Amino acid sequence: MTKTTPKVLVTGAMGQIGSELTLALRERYGHDNVLATDVRTIEGPLAETGPCAKLDVTDPVMLKGILERYGINTVYHLAAILSATGEKNPGLCWRVNMDGTLNVLNMAVEMKLGTVMIPSSIAVFGPETPRVNTPQETVLKPRTMYGVTKVCGELLGDYYVRRFGADVRGLRYPGIISSETPPGGGTTDFAVDIFYKAVQNGEYTCFVKEDTSLPMMYMPDCIKATIELAEADFSKLSHHGDFNVGALSFTAGELAAEIRKHIPGFRVSYEPDFRQAIADSWPSSIDDRAAREEWGWQPAWDLPSMTADMLERLSARFGKRL
Ligand code: NAD
Ligand code: AKB
């Protein structure tokens, strides 16, 4: 934990991760100390449980005004355009991901902020990277605009640490699976969609092939990893904005089979689209020894426990009996 009381800004708070991470941060640091912002209007539990404001991260004047007004010293910069939406609109992806990140980093230096968390992604990797047990230090030649912006974001973060002494940290999240807010336009979205369709319809058409294997993580582990890295002793970190973090790895077919243990009649067909090529360019499993050694990373959820919990939550939400 930072020594002074964290006064936290979350950008992109209405998104899949922000909507749950913001509530966890409010529980931890006090509801009034965590400001939820997004380019969209903040609604629902985020609006009901603490301060919120509209913020377009590509606008440095707006960002500075909010940092000053709320006395912010800690930032979780989650605003981004993800891989699939980024391929449909690469220009938007570059502007939001790069201008937004640069604005946050410049403010971190100008306003002498404390910890700035900037997530990265397995999207930094490409087809030249070893796919199995992908190392921490390896080839970073992504084939998506999203991946390009994530590599640049990691390099910028490291540059601001070394050049300006900023406290920048980040994780290469795998695909995040969660039940509260649907994902926002990524390639790993099938691993969330499949649960909604299993509960609501009993069938799903998957946009990647049955044998597509990707690294994934359940939301409670995502929140745990993010807060643990944010609170780690900065002087003990050799890496900064680019920690590999592993948790689960499975194929689309293995996930369907696990769901079928709870919903025996669940049917899945496979109709790969443009996201198949993106998935094929990413790792299938991750070597996260650096995260384990430098700040004690240890995931808690496996495929059976995550599947059971997802199905229990969604079936309760949609009033379905398993
Ligand atoms: P998301 O798409 O669900 O949410 C992103 C949020 O950013 C949205 O609420 C959107 O309205 C907001 N946003 C877009 N443009 C903005 C702008 N100009 N100004 C302010 N807000 C803007 O994304 P997420 O899944 O919550 O991802 C959060 C972070 O984690 C991103 O950096 C993403 O790259 C990273 N990440 C996510 C995953 C995953 O599986 N969810 C995996 C790897 C990395
Ligand atoms: C996406 O699929 O774009 C994200 C990610 C792995 O970064 N979920």
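Structure shown above.
These numbers come from a predicted model, not from an experiment.

**Student:** Could you give an account of the pairing of strand E1 (residues 8-11), with specific residues and numbers?
**Tutor:** In regular strands, side chains alternate between the two faces of the sheet. The two faces of E1 match: Val8 and Val10 on one face and Leu9 and Thr11 on the other face are all buried. Strand direction decides the pairing type here: E1 and strand E2 (residues 34-38), joined by three bridges, are parallel. Across the sheet, residue valine 10 finds its bridge partner in E2, namely alanine 36. Pairing of E1 with strand E4 (residues 74-77) involves four bridges; the strand directions are parallel. Note on E4: the bridge partner recorded for leucine 9 is valine 75.

**Student:** Provide a residue-level description of the environment of tryptophan 94, including the pertinent values.
**Tutor:** Mapped onto the elements of the fold, tryptophan 94 is located in helix H5 (residues 90-110). Relative accessible area serves as the criterion here: at 37%, tryptophan 94 is assigned to the partly exposed category. Between the C-alpha atom of tryptophan 94 and that of alanine 291, which follows or precedes it by 197 residues, the distance is 28 Å. In this structure, tryptophan 94 is in contact with Asp99, Met145, Val148, Thr149 and Cys152, ignoring residues within four places of it in sequence.

**Student:** I'd like to hear about unusual backbone geometry, residue by residue, with values.
**Tutor:** With a phi angle near 50°, lysine 112 is a residue other than glycine that sits in the positive phi range. Along the chain, the position of lysine 112 falls in the loop between H5 and strand E5 (116-117). The exposed category is assigned to lysine 112, whose relative accessible area is 73%. Despite not being glycine, asparagine 133 shows a phi value in the positive range, around 55°. Position of asparagine 133 among the secondary structure elements: in the loop between strand E6 (120-121) and helix H6 (145-164).

**Student:** Pulling in residues and values, what's your account of the site of ligand 1?
**Tutor:** Neighbouring ligand 1 are 27 residues, the closest being Gln16, Asp38, Arg40, Tyr146 and Lys150. Glycine 15 has a polar backbone atom sitting 3.2 Å from an oxygen atom of ligand 1. In this structure, isoleucine 17 approaches ligand 1 through a main-chain N or O atom, which is 2.9 Å from an oxygen atom. Contact with the protein chains removes 93% of the 830 Å² of surface that ligand 1 exposes when unbound. Applying the majority rule of atoms within 2 Å of the grid points places ligand 1 in the largest pocket.

**Student:** Could you give me a rundown of the packing of aromatic side chains, with the residues and numbers involved?
**Tutor:** Between two aromatic rings, the relevant description is the distance of the centres plus the angle of the planes. Evaluated as defined, the whole model comprises eight aromatic pairs. When the ring of tyrosine 218 is compared with that of tryptophan 301, the centres are 4.9 Å apart and the planes differ by 75°; the resulting orientation is edge-to-face. Separated by 83 residues along the polypeptide, tyrosine 218 in strand E11 (residues 213-218) and tryptophan 301 in the loop between helix H11 (289-295) and helix H12 (303-317) bring together distant segments of the chain. For tyrosine 218, a relative accessible area of 3% puts it in the buried group. Here phenylalanine 243 and tryptophan 295 contribute two aromatic rings whose centre-to-centre distance is 5.8 Å and whose plane-to-plane angle is 85°, an arrangement assigned as edge-to-face. Of this pair, phenylalanine 243 sits in strand E12 (residues 243-244) while tryptophan 295 sits in helix H11, placing them 52 residues apart in sequence. Both residues of the pair, phenylalanine 243 and tryptophan 295, belong to the buried class. Within the aromatic cluster, the residues linked to one another by ring pairs are Tyr159, Tyr160 and Phe164.

Rules used in this analysis
- Residues numbered from 1 in each chain as written.
- Chains lettered and ligands numbered in written order.
- Predicted model: local features only at pLDDT ≥ 70, side-chain atom pairs only at ≥ 80, totals over all residues.
- Heavy atoms only, no water.
- Buried < 20%, exposed > 50% of the residue type's maximum accessible area, 1.4 Å probe, protein only.
- Helix = DSSP H or I, 4+ residues; strand = E, 2+ residues; numbered from the N terminus.
- Pairing = 2+ DSSP bridges.
- Contact = heavy atoms within 4.5 Å.
- Near = heavy atom within 4 Å.
- Polar contact = N/O pair within 3.5 Å; in protein donor to acceptor, adjacent residues only side chain to side chain.
- Areas by Shrake-Rupley, 256 points an atom, 1.4 Å probe, with all protein chains shown as cover.
- 1 Å grid on protein atoms, 1.4 Å probe; cavity = no way out; pocket = protein on both sides within 12 Å on 5 of 7 lines; lining within 4 Å.
- Sits in = over half its atoms within 2 Å of the grid points.
- Phe/Tyr/Trp six-rings, centres within 6.5 Å; stacked < 30°, edge-to-face > 60°.

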